[in-house]
Amino acid sequence: MKKFLTLLLALAMTLSLAACGSDSTEETEGTDRTEAETVDYTAMSDDELKAAITTVSEGTLTVATSPDFAPYEFYAIGEDGQATLAGFEMSLAQYIADYLGLELEVVPMDFDGTLMELQNKSVDLGMAGYSPKPERENIMDFSDIFYTGGQSFVTTQDKADLFTSLEDTNKVEYSIGAQTGSIQVDLAQTNSPDAELIQLPKVTDVITDLLAGNLDGAYIETVVAETYAKNYPELNVLLDVPYEQEGSVVGVSMGNTALLEGVNRAIAAALEDGTMDEFITQANELASGETYEGLLDENGQVAETPAEG
């Protein structure tokens, strides 16, 4: 019996020590996590912050974009017929990369794809005319706002008389377009809930269906709609659409706090020194010329007839 009690006591002491060891390890890991989560990147110098930033590919800033949203991002066609990725967000992407001492890699895709890539953390940034939509807070971190625009209801000149107010858009006989996954879908559902909502992957698809008479109207960001209207006089940027989250942000891979701070510092610098205004002016000038909004073919060539200003 004494031997049995001795064995029980030894076993109890062993389990107690093991438990203490486990608690110590968990406490240490918990402390490390807490320290990591409480790093104050805002207090770092630029050099310290650059050293702390991690990216998907070391030394490279990988940015997902949807090049169908002039003047944000689109292809400008040069005199040699070659397509060059342009737009004020693309200029800002290069500015951010230079500011952080990184090489820039831009990955063009459909708008929905940019959201998916950010959610999967396959890219560092998404720049595709994002607004700080609350529903996106679970898939990306928002930068500071770098551009404030507006939203519009767009139709064709021959249908403009049908829509004297947003209330007029809310009829079951109307087909209303918006880009898939965009805030314009929400605007259509809010202002034209009884109309048939047609979601299309690219803004160019929305414009094409408007011009073809397949849509009666569409919700499009104002500056983008105005750019298309310069190229297609048949379009009418008709009605202002109220929207609480006006403004454009960069989508940052969620939880990459150091990179978010770096992006915000670059944005602040571009706004302060007037560079952002220059980017917008240049993009609008390029967008009024020969452009292509969409993805290039497998050979990197324009797959459709470009638009001319």
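Residues numbered from 1 in each chain as written. Predicted model: local features only at pLDDT ≥ 70, side-chain atom pairs only at ≥ 80, totals over all residues. Heavy atoms only, no water.

A. The arrangement of helix α5 (residues 183–191) in detail. Of the residues making up α5, those classed as buried are Ile183, Gln184, Val185, Leu187 and Ala188. Residues of α5 that are buried sit in contact with β7 (151–156), β8 (175–179), β9 (196–200), β10 (217–221) and β11 (235–241). (Buried < 20%, exposed > 50% of the residue type's maximum accessible area, 1.4 Å probe, protein only. Helix = DSSP H or I, 4+ residues; strand = E, 2+ residues; numbered from the N terminus. Contact = heavy atoms within 4.5 Å.)

B. Geometry of the sheet that holds β7. In space, the five strands of this open sheet follow the order β9-β8-β10-β7-β11, with mixed pairing throughout. In this open sheet, the two strands that pair with only one neighbour each are β9 and β11. Adjacent strand axes in the sheet meet at a mean angle of 30 degrees when their direction is disregarded. With five bridges joining them, β8 and β9 adopt parallel strand pairing. When the bridges of β9 are listed, Ser175 appears paired with Glu196. Here helix α7 (residues 222–231) sits on the sheet and contacts β7, β10 and β11; the angle it forms with β10, its principal contact strand, is near 115 degrees. (Pairing = 2+ DSSP bridges. Axes fitted to C-alpha atoms, helices over the stretch in contact; angles between N-to-C directions.)

C. Quick peek at the sheet that holds strand β12 (residues 251–252). Strands sit in the order β4-β1-β5-β12-β6 across an open sheet of five strands; the sheet is mixed. The open sheet terminates on both sides in strands that have one partner only, identified here as β4 (103–108) and β6 (141–142). Across the sheet, helix α3 (residues 88–100) is in contact with β1 (60–65) and β4; its angle to β4 comes to roughly 150 degrees.

D. Fine view of unusual backbone geometry. The omega torsion across Ala70 and Pro71 is 5 degrees, close enough to zero to call that bond cis. Notably, Lys121 is not glycine yet its phi reads approximately 60 degrees, a positive angle. By secondary structure assignment, the location of Lys121 is in the loop between α4 (111–119) and β5 (125–126).

E. Representation of the packing of α3 against helix α9 (residues 275–287). Direction vectors running N to C along α3 and α9 enclose 140 degrees, while the axes themselves pass 8 Å from each other. Between α3 and α9, the angle is such that the two are oblique. For α3 against α9, the interelement crossing comes out right-handed. Each of Phe88, Ser91, Leu92 and Tyr95 in α3 lies in contact with α9, whose residues at this interface are Thr275, Met276, Phe279, Ile280 and Ala283. Its residues placed into classes, the contact of α3 with α9 shows seven nonpolar, two polar and no charged. (Parallel < 35°, antiparallel > 145°, perpendicular 65-115°, else oblique. Left-handed = near helix turned anticlockwise from the far one by under 90°. Nonpolar A, V, L, I, M, F, W, Y, C, P; charged D, E, K, R; others polar.)

F. The environment of Leu235, seen in detail. Turning to its location among the elements, Leu235 is positioned in strand β11. Taking relative accessible area as the criterion, Leu235 reaches 4% and is therefore assigned buried. Considered as a pair, Leu235 and Ala225 are ten residues apart in the sequence and their alpha carbons are 8.5 Å apart. Setting aside its immediate chain neighbours within four residues, Leu235 contacts Val154, Thr155, Thr156, Gln157, Ile207, Leu210, Leu211, Tyr228 and Ala229.

G. How the structure looks around the side chain of Thr222. Take Thr222: it is sitting in helix α7. Under the relative-accessibility criterion, Thr222 is labelled buried at 14%. One polar contact links the side chain of Thr222 to the main-chain amide nitrogen of Gln151, over a distance of 3.1 Å. Side chain to side chain, Thr222 and Ser152 meet in a polar contact 2.8 Å long. (Polar contact = N/O pair within 3.5 Å; in protein donor to acceptor, adjacent residues only side chain to side chain.)

H. Highlighting the nonpolar core. Among the nonpolar cores identified, the biggest contains 48 residues, and Phe88, Leu92, Ile220 and Val250 are the most heavily contacted of them. Elements supplying a minimum of two residues to this core: β1, α3, α6 (203–211), β10, α7, α8 (257–272) and α9. If near-sequence neighbours (up to four positions away) are discounted, Val250 is found in contact with Leu92, Ile96, Leu125, Gly126, Met127, Asp141, Phe142, Ser143, Phe146, Val263 and Ile267. One finds Tyr174, Ile176, Leu187 and Ala195 within the second-largest nonpolar core, a separate group that totals 13 residues. (Core = buried A, V, L, I, M, F, W, Y, C linked by side-chain atoms within 4.5 Å.)

I. Spotlight on the environment of Glu79. Tracing the sequence through the fold places Glu79 in the loop between β2 (74–77) and β3 (83–86). Note: C-alpha distance between Glu79 and Glu290 (211 residues apart in sequence) is 9.2 Å.

J. Quick look at the pattern of salt bridges. According to the stated counting rule, one finds five salt bridges in the structure shown. Across the pair Asp46 and Arg265 runs a salt bridge, and its minimum N-O distance is 2.7 Å. Of this pair, Asp46 sits in helix α2 (residues 46–52) while Arg265 is found in helix α8, placing the two residues 219 residues apart along the sequence. Taking relative accessible area as the criterion, Asp46 reaches 32% and is therefore assigned partly exposed. (Salt bridge = Lys/Arg side-chain N within 4 Å of Asp/Glu carboxyl O.)

K. A look at empty space enclosed by the protein. Scanning the model with the defined rule gives two cavities of 30 Å³ or more in all. Approximately 80 Å³ is the volume attributed to the largest cavity. Along its surface, the largest cavity is lined by 13 residues, and Phe69, Phe111, Ala128, Gly129 and Gln179 are the ones closest to its centre. By volume, the second largest cavity amounts to about 40 Å³. The wall of the second largest cavity is formed by Phe69, Gln179, Gln184, Val203, Val206, Tyr219, Ile220 and Glu221. (1 Å grid on protein atoms, 1.4 Å probe; cavity = no way out; pocket = protein on both sides within 12 Å on 5 of 7 lines; lining within 4 Å. Points joined across faces, edges and corners; volume = space filled by probe spheres on them.)

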